[in-house]
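# Structural overview
Each chain, written out:
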Amino acid sequence: MKHLFTITLIIFSLITTAQNTAKPSNIEGKDIYVLSVNTTPSSFVKNVQLTKEEIAGITDFESRIKTILNKEKNIDFDAIITRDGNTIKLVKYKSTSIDAKIPNYFGKEVYFFSTPTKKYKVVSSKEINATDLQKAFYTVANKYSKNDELSFDAVIISGNKAAYIQYK
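### Examining the pattern of salt bridges
Counting across every chain of the model gives seven salt bridges. Of the charged contacts in the structure, one is a salt bridge between Lys92 and Asp78, with a shortest N-O distance of 3.5 Å. One end of the pair, Lys92, is in strand S6 (residues 87-93); the other, Asp78, is in the loop between helix H3 (61-71) and strand S5 (79-82), with 14 residues separating them in the sequence. Classification of Lys92 by relative accessible area gives partly exposed; the value is 27%. A salt bridge links Lys143 to Asp132, with the shortest nitrogen-to-oxygen separation between them at 2.8 Å. Here Lys143, found in helix H5 (residues 137-144), pairs with Asp132, found in helix H4 (residues 130-133); they are 11 residues apart in sequence, far enough to count as distant. For Lys143, a relative accessible area of 42% gives the class partly exposed. For Asp132, a relative accessible area of 2% gives the class buried. A single network of salt bridges, built from pairs that share partners, joins Asp76, Asp78 and Lys92.

### Observations regarding H5
Looking only at H5, the buried set comprises Phe137, Val140, Ala141 and Tyr144. When H5 is viewed along its axis, its buried side chains cluster within an angular range of 100 degrees and face the same direction.

### Focus: unusual backbone geometry
Backbone geometry places Leu35, a non-glycine residue, at a positive phi of 55 degrees. Accessibility expressed as a relative area gives 2% for Leu35, which makes it buried. Despite not being glycine, Phe113 has its phi angle at roughly 55 degrees, a positive value. Mapping Phe113 onto the fold places it in the loop between strand S8 (109-112) and strand S9 (114-116). Look at Phe113 and you get buried, because its relative accessible area is 3%.

### Quick notes on the nonpolar core
Ranked by internal contacts, the top residues of the largest apolar core, which has 30 residues, are Phe61, Ile65, Ile80, Phe112, Phe113, Ile128 and Ile157. For this core, the elements supplying multiple residues, two or more each, are strand S2 (30-34), H3, S6, S8, H5, strand S11 (154-158) and strand S12 (161-167). Not counting residues up to four positions away in its chain, the partners in contact with Ile80 are Asp31, Ile32, Tyr33, Ile65, Ile68, Leu69, Ile88, Lys89 and Leu90. With eight residues, the next largest nonpolar core counts Ala22, Ile102, Ala163 and Tyr167 among its residues.

### With respect to the confidence of the model for the protein chain
Taken over all residues, the pLDDT of the protein chain has a mean of 86, while the share at 70 or more is 89%. Per-residue pLDDT stays below 50 along residues 1-18; that stretch engages in one contact with residues further than four places along the chain or on separate chains.

### A word on the packing of aromatic side chains
If you walk through the whole model with that rule in mind, you get six aromatic pairs. For the ring pair Phe152 and Tyr164, a centre distance of 4.9 Å and an interplane angle of 70 degrees mean the geometry is edge-to-face. Of this pair, Phe152 sits in the loop between H5 and S11 while Tyr164 sits in strand S12; the two residues are 12 residues apart in sequence, bridging distant segments of the chain. For Tyr164, a relative accessible area of 1% translates into the label buried. Taken together, the aromatic side chains of Phe61, Phe112, Phe113 and Phe137 make up a single cluster linked through ring pairs. Positioned above the aromatic ring of Phe77 is the side chain of Lys30, whose terminal nitrogen or guanidinium carbon lies 4.4 Å from the ring centre.

### Thoughts on H3
Every buried residue of H3 is accounted for by Phe61, Arg64, Ile65, Ile68 and Leu69. Take H3 and look down its axis: the buried residues cluster within an arc of 135 degrees, on one side only. Here H3 starts with a cap whose side-chain oxygen sits 3.3 Å from the backbone nitrogen of Glu62, and that cap is Asp60.

Basis of the calculations
- Chains are numbered independently. Their residues run from 1 in the order of the written sequence.
- It should be noted that, the model being predicted, local features are given only for residues of pLDDT at least 70 and side-chain atom pairs only at 80 or more, the latter also being counted only at that level, while totals for whole chains, interfaces and linings use all residues.
- Remark: hydrogens and water are excluded; side-chain values derive from all non-hydrogen atoms of the structure.
- The term salt bridge refers to a side-chain nitrogen of Lys or Arg lying within 4 Å of a carboxyl oxygen of Asp or Glu.
- Each helix is a run of H or I in the DSSP string that is no shorter than four residues. Each strand is a run of E no shorter than two, and both are numbered from the N terminus.
- The classification of residues rests on relative accessible area computed with a 1.4 Å probe and restricted to protein chains. Under 20% of the type maximum is buried, over 50% is exposed, and intermediate values are partly exposed.
- Note that the arc is defined by the directions from the helix axis to the C-beta atoms.
- For our purposes a nonpolar core is just a set of buried Ala, Val, Leu, Ile, Met, Phe, Trp, Tyr and Cys residues, chained together by side-chain atoms within 4.5 Å.
- The contact rule is simple, with two residues in contact once any of their heavy atoms fall within 4.5 Å.
- Confidence of the predictor at the level of single residues is given by pLDDT, which spans 0 to 100.
- Classification of ring pairs uses Phe, Tyr and Trp, with its six-membered ring standing for Trp, and accepts pairs whose centres are within 6.5 Å; under 30 degrees between planes counts as stacked, over 60 as edge-to-face, and the remaining range as tilted.
- By definition here, charges over rings are those cases where NZ of Lys or CZ of Arg is within 6 Å of the ring centre and within 35 degrees of the ring normal.
- Two N or O atoms count as a polar contact when they lie within 3.5 Å, although within protein this holds only if one can serve as hydrogen donor and the other as acceptor, and sequence-adjacent residues are included solely when both atoms are side-chain atoms.

Have a look at this one:
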């Protein structure tokens, strides 16, 4: 039992230290946490779900975020947190520090609507096809985090591009 506990602590330690920090994107005054962990103290405001009709009208990632923001214009919140882009958690900050951790879900870090706090250089970029722009965010992140033709440390997904980066 002691060994199991020790192994669990070691694995947890490796996972938490492997996370890099990021600055979330800000759209219409709201911070966007996609596949990232909000480390700024905050309180839950509301859960929001996009309808099938709203999802069908989405043409790119930013229009999905704007649909979410327009849906909840009368609510006081500072940020949205989502993994899929369809189910969203609205939060209100308790402090002014804005930070996010990027877990390594797919073998590479994926900065989705965020930028690394580490210095980096873009080694290649790829256009995200129109069909993928309507898929759940984690599905897109999983697909575009793999590229056997390149040596890269992480990928930044924003707009309709995936930028493959190496840390300096």
